[in-house]
Amino acid sequence: MPHVALVGYGRFGRALGTLLEAVGVEHRALDPVADIPQPLRAHSLPELLAGAELVVVAVPVPQMQDVLRALKPHLRPEHLVLDVGSVKVKPVEALTEVLGTQVPWVGTHPLFGPLSLAMAERPMRVVLCPNPLHPEAAPRARRFYEGLGCEVIEQTPEGHDRVMARTHALTFFVAKGMVDSGAAADVPFAPASFKALSRTIETVRADAGHLFNAIQQENPFATEARGRLLAALQGIHRDLQAAPSVEEPRASGIAVPGLEPAAPAPREPREHLDALDRELVELLARREELARRQRRAQASGNEPALFEALLAVRRAWARELGADAQEVEAVFRAVLGSGLR
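Predicted, not measured: the structure shown is a model, and the values here were computed from it. (Residues numbered from 1 in each chain as written. Predicted model: local features only at pLDDT ≥ 70, side-chain atom pairs only at ≥ 80, totals over all residues. Heavy atoms only, no water.)

1. What about the overall build of the chain?
Stage number 1. When helices and strands are counted, the chain shows 13 helices and seven strands.
Stage number 2. The buried share of the chain, taken over its 341 residues, is 38%.
Stage number 3. Contacts in the chain between residues far apart in sequence, at least 24 positions, make up 68% of those at least 6 positions apart.
Stage number 4. Carbon and sulfur atoms make up 58% of the accessible area of the chain, which amounts to about 19,900 Å² in all. (Helix = DSSP H or I, 4+ residues; strand = E, 2+ residues; numbered from the N terminus. Buried < 20%, exposed > 50% of the residue type's maximum accessible area, 1.4 Å probe, protein only. Contact = heavy atoms within 4.5 Å. Areas by Shrake-Rupley, 256 points an atom, 1.4 Å probe, with all protein chains shown as cover.)

What follows is the structure, encoded as C-alpha cells:
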C-alpha cells in the first residue's frame, strides 16, 4: 500500500485516517484548523508530501480549486491525487483545470462516512471516475481502495451525480423536510414503517448533516431531482384531496396508483428466517471488527468479571424484549467467548 498524504482532516479525513491506520497504511495529514494527532501531523505541504505516493484531498468541494492550486507546485508526476467529494462533476472540472495532464489524478466518492466506518458497516463501496488524461490513474486508485477492503464501481462524473441527485440528495432533502416539520421528533409509539424512516433520518443527521448544502448546491442535477419529487408529491396531494371519502361506498375499490405493481408477495416464514439469519451473520462480522478495534485501543483488565457483567446486561435485554434469557445467554457465551468480546 502506498504512503498517503491527507489534505484536510475534518470529519471524513479523520475517519479515513482511522481506516488507514486499521489496515496499517502509513499516512500523514495537514489541516490548519483540525486537531491532528502529533505523530500524524505535517506542518507544511513539503513535509506532508515527502515520501507520499497518494494524495487524498478531503476538503469541501467549494475549496477544492484553491487547495489544488496550493498543492500543484509541490506535486510530482509520480504522485496520484484523489478527491473524495460527494459530488463529482465540479471536483473533476477543478482537477482538470488545475492539474490537467501534468499530475495524475482521479475523482472518487467513498460511499461511506464517519458513522458507517465507526459502526464497521459492510460492504464499503467507492465510486471511481476514470480519467482519460491519465489512463493509469484509475487502476492505481482501484488497487488502493481494494487494499482498504472496498468494492469499486466505475462511473462517469455525470452518471455519478445523476444517481446521487436521485438518491443521496433526495434522502437528505426528505430527511431535512421531516426534521423541520417536526415529523421526526420522538413519539411514544410509531409503526414499523416510521421507525425504518426514522433510522434513516438519524443516520443522515449524525453522519453527514453538515454536507447538506454541498450535496444540494454542488450537484448540478439536484435541483431537477428535487423539482420532480416535489411535483410528484403535489400530484399525490391533489389526488388525495380529490378522492371521495373512504366512508362512501364507491370509495372501497379505490386503488393507490404507483404502488400496486411494486407490492411484494408475502414471504414464507422460512424466507423471513433466512433473511434474519443473514442479518445476524452480517452483524456478527461487524461486531468482530469493532471488537478488534476495542482490543487494540484498550488494555485488558479483569476478564472474568467483565465477561459476567456483559452476560448480565444481555440477559436483562432479553427479559425486556420477552426473549428467553437463558437462551440469549447461551448465544452470547459463544459470541463473547470466541474472541468477539
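2. Details of the layout of surface pockets
Left-over empty space is what a probe sized like a water molecule reveals as it rolls over the atoms.
Stage number 1. Considering only enclosed or pocket space, the second largest pocket measures out at about 490 Å³ in volume.
Stage number 2. Contributing to the lining of the second largest pocket are 13 residues, with Leu280, Leu283, Leu284, Arg287 and Phe332 lying nearest its centre.
Stage number 3. Only α11 (269–297), α12 (303–320) and α13 (325–340) provide two or more residues apiece to the lining of the second largest pocket.
Stage number 4. The biggest single contributor to the lining of the second largest pocket is α11, with six residues.
Stage number 5. A class-by-class count of the residues in the lining of the second largest pocket yields 10 nonpolar, no polar and three charged. (1 Å grid on protein atoms, 1.4 Å probe; cavity = no way out; pocket = protein on both sides within 12 Å on 5 of 7 lines; lining within 4 Å. Points joined across faces, edges and corners; volume = space filled by probe spheres on them. Nonpolar A, V, L, I, M, F, W, Y, C, P; charged D, E, K, R; others polar.)

3. Here's the deal with the sheet that holds strand β1 (residues 4–7)
Stage number 1. Across the sheet, seven strands lie side by side as β2-β1-β3-β4-β5-β6-β7; this open sheet has mixed pairing. Each edge of the sheet is formed by a strand with only one pairing partner; in this case those strands are β2 (27–30) and β7 (150–154). Neighbour to neighbour, the strand axes of the sheet diverge by 25° on average, direction disregarded.
Stage number 2. In the sheet, strand β5 (residues 105–110) pairs with strand β6 (residues 124–129) via four bridges, with the strands oriented antiparallel. Counterpart to Pro110 in the pairing with β6 is Val126.
Stage number 3. Along the sheet, helix α1 (residues 11–22) makes contact with β1, β2, β3 (54–57), β5 and β6, crossing β1 at roughly 165°.
Stage number 4. Across the sheet, helix α3 (residues 64–71) is in contact with β1, β3 and β4 (80–83); its angle to β3 comes to roughly 150°. (Pairing = 2+ DSSP bridges. Axes fitted to C-alpha atoms, helices over the stretch in contact; angles between N-to-C directions.)

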